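The chain contents come next:
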Amino acid sequence: MPPIIKATDQTICVATSEYPYAKWKFDKFNPVQSRIMDFYNQDVNGLIAARTSAGKTTVAEQFMAEEVRNRGGKAMFLAPLRALAREKVSDWTSKDHHFADLKVSICTGDYRLTKERTKELNEANIIIMTSEMLSHRSRSHTSEQSEFLKEIGTLVIDESHLLTVKGRGDHLEVGLMKFTQINPKARLVLLSATMPNVEEIAEWVSYSLNQKQTFVLRSDYRPVPLTVHYEAYDDNIRGYDAVEREKVNKALDIIDWYKDDKFLVFTHTKKTGELMKKELQSAGIDCQFHNADLDSNERAKLEEATPAWTRKEGQDPKGGLNKKGIASYRRANPGSKLSMAVTTKPSKLKKGSKAAKRRKSFCARMGGMPGPMKDEKGRPTRKALSLRKWNC
């Protein structure tokens, strides 16, 4: 039986210039990516359990670039959603990405598998696919339309914790089992932020799928501190719709409280999502509702319409917006000078006023939160910055 190799974060970050098959805009890999330098060119499977925003896409690129540029094989990336698959195509075909010189193709339910697309998949260096499509194509592997599966040298599975999700995990599990029967030589690289049973999955991959060594990297690295808050709402109201409206009202209160922030709101039903959208728009807040009722063109249009100042490309890594972000913000807000909001000093707030009470409540809640005021490098934490902003 092939052994399971246990790995941890690399304490000394490796320079990106030491990686020979791709170039990045940043100078050093983070602790997760630095550890991958020990494995990316080995004939092993990998299971990387790292937190959200820990750079797992770069990990995928480390394996995929080596596969294409060193081994001369194909790489495949499994995305959990069609929207995320399209996003990866957009990122990896942009002229400033290190995959720009490679042939990147997509295979999801949004595209018909015509002769032209089959030819494109056969000639592609990188193929992006959903887990449901892998299951379908693997079961039809005798067809000429699925011949490209036999040429995959590295398969990267994003959000691999879906293996444990009822209703979706079976498609991914069947797809991986059929794929490794067709192509047992391919390396499998599983990425996840929330997989609960990492070692168990690693043993299944190593022993049951392709009999290769598998390394497990459990990471504690988190680039951005995460705080979790619970807000209570009244569920003693009669009627489901009334309870849903109470939830929406609570969310609106939070959005109104942090006027300068950007928000991503998840709802558990499309009906509640539509109610949320209606109430936000009634309050004069620009918002869009991304959901499964939109067709592929509508989803793509919505995603592309997101202004640059709200996306990474418009933001300065050191904080604030770059020139592109500022220009985008001013186009969206004519006449704006993009000045920083300054909270009124406590001494100038009328005693007993709504503003004074809001500030007092915020300072009490934020001040009572656990966590340091400075990080390990002596920089103020988000908690400290928030308290300073509100003059607490």
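Keep in mind that this is a model prediction, so the values were computed, not measured. (Residues numbered from 1 in each chain as written. Predicted model: local features only at pLDDT ≥ 70, side-chain atom pairs only at ≥ 80, totals over all residues. Heavy atoms only, no water.)

(A) Expanded view of the packing of aromatic side chains. Within this structure, the stated rule accounts for 11 aromatic pairs. Taking the centre distance of 6.5 Å and the plane angle of 65° together, the rings of Tyr21 and Tyr40 count as edge-to-face. Of this pair, Tyr21 sits in the loop between strand E1 (4-7) and helix H1 (31-36) while Tyr40 sits in the loop between H1 and strand E2 (45-49), and the two are 19 residues apart along the sequence. Arranged with centres 6.3 Å apart and planes meeting at 70°, the rings of Phe26 and Phe29 form a pair that is edge-to-face. Taking relative accessible area as the criterion, Phe29 reaches 1% and is therefore assigned buried. One aromatic cluster in this structure is built from Tyr19, Tyr21, Trp24, Phe26, Phe29 and Tyr40. (Phe/Tyr/Trp six-rings, centres within 6.5 Å; stacked < 30°, edge-to-face > 60°. Helix = DSSP H or I, 4+ residues; strand = E, 2+ residues; numbered from the N terminus. Buried < 20%, exposed > 50% of the residue type's maximum accessible area, 1.4 Å probe, protein only.)

(B) How the structure looks around the nonpolar core. Of all hydrophobic cores here, the largest spans 38 residues; its most connected members are Ile48, Met64 and Ile126. Those elements that place two or more of their residues in this core are H1, helix H2 (56-71), strand E3 (74-79), helix H3 (82-92), strand E4 (104-107), strand E5 (126-130), strand E7 (187-192) and strand E8 (214-218). Among the elements that make up this core, the one with the highest residue count is H2 (6 residues). (Core = buried A, V, L, I, M, F, W, Y, C linked by side-chain atoms within 4.5 Å.)

(C) Inspection of the side chain of Thr108 at higher detail. Assignment of secondary structure puts Thr108 in the loop between E4 and helix H4 (115-123). Each residue touching Thr108, except ones within four places of it in the same chain, is listed here: Arg82, Ala85, Thr130 and Met133. (Contact = heavy atoms within 4.5 Å.)

(D) View of the pairing of E2. The element E2 is largely enclosed, with a buried count of 5 among its 5 residues. Residues Asn45, Leu47 and Ala49 of E2 are buried on one face, and the alternating residues Gly46 and Ile48, pointing to the opposite face, are buried as well. Two elements, E2 and E8, share 5 bridges in a ladder whose sense is parallel. Of the residues in E8, the one forming a bridge with Asn45 is Thr214. Here E2 pairs with E7 via 4 bridges, running parallel. The residue bridging Ala49 from the neighbouring strand is Ser192, located in E7. (Pairing = 2+ DSSP bridges.)

Nothing here speaks to function; it is geometry throughout.
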